[in-house]
Amino acid sequence: MDAGRHPLIDVVTNAQVVACSGEPGAFRVRVRKRPRYVREDRCVACGLCVEACPQVGGNEFDMGIKARKAIYRPFPQSVPATYVVDPDACLNFLNFLTPKQRDRLERIRAIKARKDPAYRTDFLVCGHCVSACEVQAIDFDMQPEETDLEVGAILVATGFQEFDARSLRTYGYGRLPNVVTSLELERMLNASGVTQGHVVRPSDLRTPRRILFVQCVGARGEGGRPYCSRFCCMNAVKDSLLIRQHDPAVEEVTILYTDMRAFGKGFDDFVERARSEESAIFLRGRPATIRHDPTDDTLEVFVEDTLAHEPRRIRVDLVVLSVAAAPNEGAVELARMLGIETDAYGFIARRDPAVSAVETCREGIFVAGSAVGPQVIPDSVAQASAAAARAARFLSAERVTLDPEPPPPLDLSGPPRIGVLVCHCGINIAGLLDVSNLVDHAAAQPGVVAAVDDAFACSSTGQETLARLVAEHRLNRVVVAACTPRTHEPIFRETLARLGFNPYLLEMVNIRDQCSWVHAHHPTEAQEKARALLRMGIARAGHLEPLEEGRAPVTRSALVIGGGIAGIQAATDLAEQGFPVTLVERSSELGGRLAAPRLWHLYPTDRPAVEVLARKVERLRASGARILTDTEVTGIVGCVGSFQATLQGAVTEILPVGAIILAFGADLADPAGAYGHGRLSNVITSEDLERAFFEGGPRVEGKPLRSAAFVLCVGSRDPEGFSGCSRYCCPTAVKQALALARQGVDCTVFYRDMRTVSSGAEEMYREARGAGVLFVRVPSGSHAQVLGETRAERVRCRDELLDRVIEVPADLVVLSVGMRARQPETARFHDILKITVGLDGFFLERHPELAPVETAVEGVFLAGTVQGPKDIVDSVAQASAAAAKASVLLAHDQVRLDPAVSVVDPDRCRGCGQCVEICQFHAPALKEIEPGTWVAEVNPSLCKGCGTCASWCPSGAITARHFTNRQVEAMVDALFAEASP
Amino acid sequence: MTRAHGERLSDIAARTRAWACYDCGKCSATCPVTRIGGALSPRRTVLSTNLLHADVAVYGAEIASCLTCGACDRRCPVQVDFTGLVRALREVSHEEDAQPECPHGGALQSLMRMMARGTLQQQRLDWLGPDLHTDPAHGAVFLWTGCTVYYDAFFPEYGMRTLDVTRAAVRLLNALGQVPVVSPDEVCCGHDLLWNGDRASFEALARRNAALIQESGAEVVVAPCAECARTLRLDYGPFLGSSPRIQHLSEYLAERLSDLPLVRETTRRVTFQDPCRLGRHLGVVDAPRSLLAAVPGLELVEMAHAGLNATCCAGGTWSACDRYAKKLQVERLKEAKATGAEILVTACPKCQIHFRCAQKDPNLGQDIAIEMQDVAQVLADAL
Amino acid sequence: MSAPEGWNPRIVVFACNWCSYAGADTAGVSRIQHQPHFRMIRVMCSGRIQPGFVLRAFEKGADGVLVSGCHIGDCHYLFGNERAVEQFEKTRAVTRILGLEDERLRLEWISAAEGARFAQVIDQFTERVRALGPSPLAREAR
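A brief report on the enclosed structure follows.

Cut-offs used in this document
Residues numbered from 1 in each chain as written. Chains lettered and ligands numbered in written order. Predicted model: local features only at pLDDT ≥ 70, side-chain atom pairs only at ≥ 80, totals over all residues. Heavy atoms only, no water. Helix = DSSP H or I, 4+ residues; strand = E, 2+ residues; numbered from the N terminus. Polar contact = N/O pair within 3.5 Å; in protein donor to acceptor, adjacent residues only side chain to side chain. Contact = heavy atoms within 4.5 Å. Phe/Tyr/Trp six-rings, centres within 6.5 Å; stacked < 30°, edge-to-face > 60°. Buried < 20%, exposed > 50% of the residue type's maximum accessible area, 1.4 Å probe, protein only. Lys NZ or Arg CZ within 6 Å of the ring centre and 35° of its normal. Core = buried A, V, L, I, M, F, W, Y, C linked by side-chain atoms within 4.5 Å. Buried area = accessible area lost by both parts, 1.4 Å probe. Salt bridge = Lys/Arg side-chain N within 4 Å of Asp/Glu carboxyl O. Nonpolar A, V, L, I, M, F, W, Y, C, P; charged D, E, K, R; others polar. Pairing = 2+ DSSP bridges. Axes fitted to C-alpha atoms, helices over the stretch in contact; angles between N-to-C directions. 1 Å grid on protein atoms, 1.4 Å probe; cavity = no way out; pocket = protein on both sides within 12 Å on 5 of 7 lines; lining within 4 Å. Points joined across faces, edges and corners; volume = space filled by probe spheres on them. Domains from an automatic or database assignment. Disulfide = S-S within 2.5 Å. Arc of directions from axis to C-beta.

1. Quick look at the side chain of Glu227 of chain B
Residues and elements named next belong to chain B.
- Here Glu227 lies in helix α14 (residues 226-234).
- Among the polar contacts made by the side chain of Glu227, one reaches the side chain of His191 at a distance of 3.3 Å.
- Setting aside its immediate chain neighbours within four residues, Glu227 contacts His191, Asp192, Arg277, Gly316, Cys348 and Lys350.

Okay, structure coming up:
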């Protein structure tokens, strides 16, 4: 929705790229747009055509479970909100005829046309939709259009397609009635989906009592796909919770998994919730066959419970296959056209994922999301922003500012002179509601000086009516009774603003989406409701106040705190776009964890970390960023657009910046004596091992190793401490074990769930197994024991999968230590900037999916592991995303401030500080205005306009603008005010 | 301004003796709000009324910021009833919907108006435990519980326990051998609405309460709340007539002090906040002091302003809640601390509420921290 | 007191802009029919829904009041809905003393996608309130 409405984004749907030429900074892309047979400039998305259409077609979006008409809108929130005709279903395209029949028809038409010059060969077989449409939007003459777009950069975000589970016969998909895929289930669970949120068995549409999820279908080696799809584990857990919450009739949900890959921030806690609420039974095992019982359409699943060591037959009503993500069919062709490469599986290949998660092999072409392989949403969103940041380098010359000259403001003073415009929306409103009665009712309300109706208020004629009304009646308030303000308020506000009419003096009354569309069975009550809503809107309008958009200056430069890989990346991205950047590093060298001798080689490419780092640093230096090592940030004041940071160290200065990126990384957990660390000389951490590689590999008493044991999840997934997953440790341990195994060392890895989710990691895990590395699954709640007096001799642990105690010799024990929020920096910057810290101790992002690098403090962004554990690739992507978000802010010399925020009346404020306490955005602050007297002040740059502080304020000193007490109370009063005509 | 408007103002001026004013300014010199910098000059309000200047007298911010504490009334050389004047002007302002927004989003006024409707069957007696002996309908003593049950529910964030005052009152009456009437049908006395200018709702409340009191057969109505006591005694005349007797709890207990078995020793030092409704409005200043003096070992130290000179809690009618009210509260709390007392004793739950609200301050902290108790609690603890 | 014949409850719904109001719009776009006896008042965040709003609705004659916002953890303003819970509980504490049945006041989390759920909540709430009959405050007020 945001993208669809953005003035700088053209959305071209129903289209494909057919050719691409040119070079970075000046590409020419040919796009073929298929005709939708509905004109976007006219369609008002009223849906009358759908009602009129007699033809039913398949519905790819609902997996064919639900039918749709030949003219349709793919799903309720689609952008553009325009209908589209399916030529395969529509009668007018004659696709229902056989080729022979078509030929014959064509011939008859040709003969007729020869005889009668007035005869038209393009007559419509069916014109129901055409005659139903009141705005003449349907046009069967539309032809495919090809357009050439000139662009500076190209971003590929083509996603993935579902792996076709039909190819795996054992699961019976496509063959057995009640086997569905996870995407089909998703459509059922979606509230606006095929079954409105209820899960059903396709065979009889009844609620299944028992449901079973099969994980890793077509993944981790199956169906020729070695990789892990990353999102399926969490998706199944989420679905199980949803199902159990919404459908009490579902008695049991079982998830058949191999490793529970809850690797993301907060994921493990989520799985724990599912376990503790018993929303799902977690059973480790992959089913052999699924047998169908035709008497009741149930399914019998044969699986070994690998933790209980017993074969099981589980009878269920519905089997959900968590299918892997497969590359898009068109990806290879698209890549060829764009001159970029695909990987062995057909996903878009990146030049060097360890260096950049979003760069393809060709300069100027970027990739984000699951087009490169399966991604979870937070990572996809971060990558998308990262790609935008990288792409911006090719566009910086083209940066546009949108600021048309505003017209002179109208005089809107005096008592309310309210004008009311009631929209018919064709028959969407007028078909059920008596519009003239609504107009009369409006006209009778106090303050109303004009009330009229219009067929389509949002059409150009409707907007003209509005303009005329304002001028003729010298209106100072406008009420539009039509559809939802969420989509149409911007349109009417814009129209009014063009007249010089303060757009905040508009009130919209939703009599379509929330009245005529949903109360068709109750016309009398719907009319009564519309009248009440109209009264309420008019009453509120009488109390609306004109608001002026504020501006705050932006210092167009950035401060990056921390010189690790994330800080380097973020600083480089911003500097390459031409913004002055200062990167501050506390220590004397850049590189953080990548600097020698901390990290030997990177997985999965096995490249030396120092080499990657050197390239990064080189690029950073070339970017023109100012680099300050041996320097600390000791204080920051100010707010978005104008921070002042105090730097001390190599320089001592107060640096003004517009945006701040926090990238000071994370700490590694201290084993704190666990597993004999500190007591036994040869028990080391994974970082110690990396260091040893720099010195020619680990040795024991000067001799080469014969055996090594790795213990995972040290300081991670610990209910007492950090309960989350540190994400980087599984692949790191596999990488290290593989390196040692290649030197002939017998390696054993003690793990809990093998979470090799990052790109290429699953393949590396497979390779390690092939190289003879042993993997022992540690039972939940138990730990491996390191045996030895002064040095570790052996490691003993119960292998959960064998159900017996295993003891292996260990010349070296490596503890894979997890990540921790870095202290005291996290606490210090929490104090300085008031950034919220999550329960896991890391900084809390604004929203895990929608805003993964933003914080509650406007203008402050998170890069890398300050937000939570990540590996190098993910840190780099997130750093670029933070740079992208910062650059949006820095692109203008002023930041617009929404005027609909909270304001404090200093005379009424008691200085109790409750607003300061509850605001997550730190907008209110107490100021001592005279000795001993404090009053709150709301910083409009920080206030998001939620209005919660106004509700909280005991004395009523805070006013939530545009949602004031008086405005809301006027609505309540008007609601119950009995109606005149 | 309309003619009717002018007549209304001159009528008010006549009723409240505003006409007698000769602008000496003693009221404004007395007024705590004026002193602290608030938007109020009683003199100007009186003069504006006399000149029929409705923009100040009715629509201005001044009448809303008056605490109606009565400090000026006591000093006026010509006996202008300024609090009465403000109340009358607020009635005009209320009728014309010209009042500023109420604190707490108007929730409390809404509650009171709902009670005035008289169609609710409240569930207000859940706090009564088995150790408290009361009668729901009949008895010689009617214990007026006021709105404490609502306050404790509405202000959880202040750790408000005004119901403890009510419980203490029952225990004290029980100790005197009384089984007081505590009615499930009692509604708000109407004090706040009346002082906010909503006379119609006040009268609806008063009629219901008067009937309830009369049906109970009580000889005396005892209210632990100074506002309730003031309202029932001074404003219920048209509904209740001259009987039964209305007393603040402290007055009732003071008359029976010898029967109260106050045995438990204490070594605590307290100071006393005279509620404006009890002190200046009803003239009761000795009764609570005699009670405190009767508690074995208790030491009472007076604040600089005490008795009829006491500064009020500055929150009385749920209307004038602002920066200036806060300053007065802070000042008063500091004055209480300066006495060296451990406890600030009041005789009105409202004083406690407003002082506690003021104490919720991130900057002043220890400067204004002092324990607070109602005189009823202090006495009940000594039983 | 039982409801008179043909009586319909009057319900006020306070909804946040981002989730619940949007959920009602989604019900509209999907044409999910539901009971028409409620009136919606939009605010930006459920945290804005102060006790005074709800009490005023009851005072003016509402038979039921529904407060709704984003699911916990999904607030557009991080934790506004948690403040909404606190204010709701405070409101409920006083309406309980006033003698209004608990079921007349309800808190629901409805997301922007949950059009069907919105309709379901409205239908269920309408039926509950209908079964309770007119609010004691609405009886005299009408």
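Once you've had a look at it, read on.
2. Re the packing of aromatic side chains
- Applying the stated rule across the entire model yields 24 aromatic pairs over all chains.
- A ring pair is formed by Phe38 of chain C and Phe118 of chain C, whose centres lie 5.8 Å apart and whose planes are at 65°; its orientation type is edge-to-face. Of this pair, Phe38 of chain C sits in strand β2 (residues 38-43) while Phe118 of chain C is found in helix α4 (residues 115-132), placing the two residues 80 residues apart along the sequence.
- The buried category is assigned to Phe38 of chain C, whose relative accessible area is 2%.
- Members of the aromatic cluster, joined through ring pairs, are Tyr151, Phe154, Phe155, Tyr158 and Trp318 of chain B.
- One cation-aromatic arrangement involves Arg769 of chain A over Tyr765 of chain A; the distance from NZ or CZ to the ring centre is 4.4 Å.
- In this arrangement the basic side chain of Arg31 of chain C is found over the ring face of Trp517 of chain A, its NZ or CZ atom lying 3.8 Å from the centre.

3. Description of the nonpolar core
- One finds Val420 and Ile511 of chain A together with Phe14 of chain C to be the most contacted residues of the largest nonpolar core, which totals 225 residues.
- Beyond its immediate sequence surroundings of up to four residues, Ile511 of chain A is in contact with Val422, Cys423, Ile429, Leu433, Leu438, Ala481, Ala482, Ser516 and Ala530 of chain A.

4. Digging into the interface of chain C and chain A
- With 54 residues of chain C in contact, the opposing surface of chain A contributes 56 residues.
- Together, the buried faces of chain C and chain A total about 4,800 Å²; carbon and sulfur atoms form 60% of this surface.
- Along the contact surface separating chain C from chain A lie 5 salt bridges.
- Taking the shortest distance from any N to any O, the salt bridge between Glu489 of chain A and Arg42 of chain C comes out at 3.8 Å.
- The interface formed by chain C and chain A includes 17 residue pairs in polar contact (both at pLDDT 80 or more).
- Breaking the side of chain C that touches chain A down by element, the ones donating at least two residues are β1 (11-16), α1 (20-29), β2, α2 (51-60), α3 (80-98) and α4 of chain C.
- A per-element tally of the side of chain C that touches chain A places α1 of chain C first, with 8 residues.
- Grouping the constituent residues of the side of chain C that touches chain A by class yields 25 nonpolar, 16 polar and 13 charged.

5. Remarks on the environment of Trp934 of chain A
- Among the secondary structure elements, Trp934 of chain A is positioned in strand β48 (residues 933-938).
- A sequence separation of 351 residues divides Trp934 of chain A from Leu583 of chain A, and the C-alpha atoms of the two residues are 37 Å apart.
- Each residue touching Trp934 of chain A, except ones within four places of it in the same chain, is listed here: Arg910, Gly911, Leu926, Lys927 and Glu928 of chain A together with Asn363 and Leu364 of chain B.

6. Regarding the sheet that holds strand β27 (residues 626-628) of chain A
Residues and elements named next belong to chain A.
- Taking strand neighbours across the sheet as the criterion, the 5 strands line up as β27-β26-β25-β31-β44 in an open arrangement whose pairing is parallel. Each having just a single partner strand, β27 and β44 (860-862) make up the two edges of the open sheet. Between one strand axis and the next, the sheet turns by 20° as a mean value, whatever way the strands run.
- Bridge count between strand β31 (residues 659-662) and β44: 3 bridges; the pairing is parallel.

7. So, the layout of surface pockets
Residue and element names in this part refer to chain A.
- When its volume is computed, the second largest pocket comes out at roughly 930 Å³.
- Gly592, Arg593, Gly665, Ala666 and Arg822 are, among the 50 residues lining the second largest pocket, the residues nearest its centre.
- Of all elements in the fold, only α16 (565-576), β28 (631-639), β32 (666-668), α18 (686-694), α19 (729-742), α21 (825-833) and α22 (872-890) reach the threshold of two or more residues within the lining of the second largest pocket.
- Tallied by class, residues from the lining of the second largest pocket come to 19 nonpolar, 16 polar and 15 charged.
- A domain split of the lining of the second largest pocket shows at least three residues from each of domain 4 (558-665 + 822-895) and domain 5 (669-817).

8. So, the state of the cysteines
- Scanning the model with the defined rule gives 1 disulfide over all chains in all.
- Across a sulfur-sulfur distance of 2.4 Å, Cys19 of chain C and Cys70 of chain C are joined as a disulfide pair. Handedness of the Cys19 of chain C-Cys70 of chain C disulfide follows from its S-S torsion of about 100°: it is right-handed. Separated by 51 residues along the polypeptide, Cys19 of chain C in the loop between β1 and α1 and Cys70 of chain C in the loop between β3 (64-69) and α3 bring together distant segments of the chain.
- Judged by relative accessible area, which is 9%, Cys19 of chain C ranks as buried.
- When its relative accessible area of 3% is taken as the criterion, Cys70 of chain C is described as buried.
- In this model Cys912 of chain A remains outside any disulfide bridge; the closest cysteine sulfur is found in Cys915 of chain A, 6.3 Å from its own.
- You can call Cys912 of chain A buried: its relative accessible area is 12%.
- Cysteine Cys276 of chain B remains unbridged, with the sulfur of Cys312 of chain B as its closest cysteine sulfur at 4.2 Å.

9. So, empty space enclosed by the protein
- Considered as a void within the structure, the largest cavity measures approximately 210 Å³ in volume.
- Around the largest cavity, the lining comprises 16 residues; the ones closest to its centre are Glu507, Met508 and Met971 of chain A together with Tyr21 and Met40 of chain C.
- Of all elements in the fold, only β23 (506-510) and α15 (523-542) of chain A together with β2 of chain C reach the threshold of two or more residues within the lining of the largest cavity.

10. Some remarks on α21 of chain A
Residue and element names in this part refer to chain A.
- Buried within α21 we find Glu825, Thr826, Phe829 and Leu833. Down the axis of α21, the buried side of the element spans an arc of 95°, and every buried residue falls inside it.
- In this fold, the buried residues of α21 make contact with β25 (558-561), β28, β29 (642-649), β31, β43 (819-821) and β44.
- Once α21 ends, the next one or two residues include Lys834, with phi positive near 65°.

11. Notes on the interface of chain C and chain B
- If you look at the interface, chain C gives 19 residues, while chain B gives 20 residues.
- For the pair chain C and chain B, the two sides together bury roughly 1,800 Å², of which 64% comes from carbon and sulfur.
- When the area that chain C buries against chain B is broken down by residue, the three leading residues are Glu59, Ile97 and Leu98 of chain C, summing to 37%.
- Linking chain C with chain B are 2 salt bridges, by the criterion used here.
- In this assembly, chain C and chain B are joined by 8 residue pairs in polar contact (both at pLDDT 80 or more).
- Where the side of chain C that touches chain B is concerned, the elements lending two or more residues are α2, α3 and α5 (136-141) of chain C.
- Class assignment of the residues belonging to the side of chain C that touches chain B gives a composition of 11 nonpolar, 3 polar and 5 charged.

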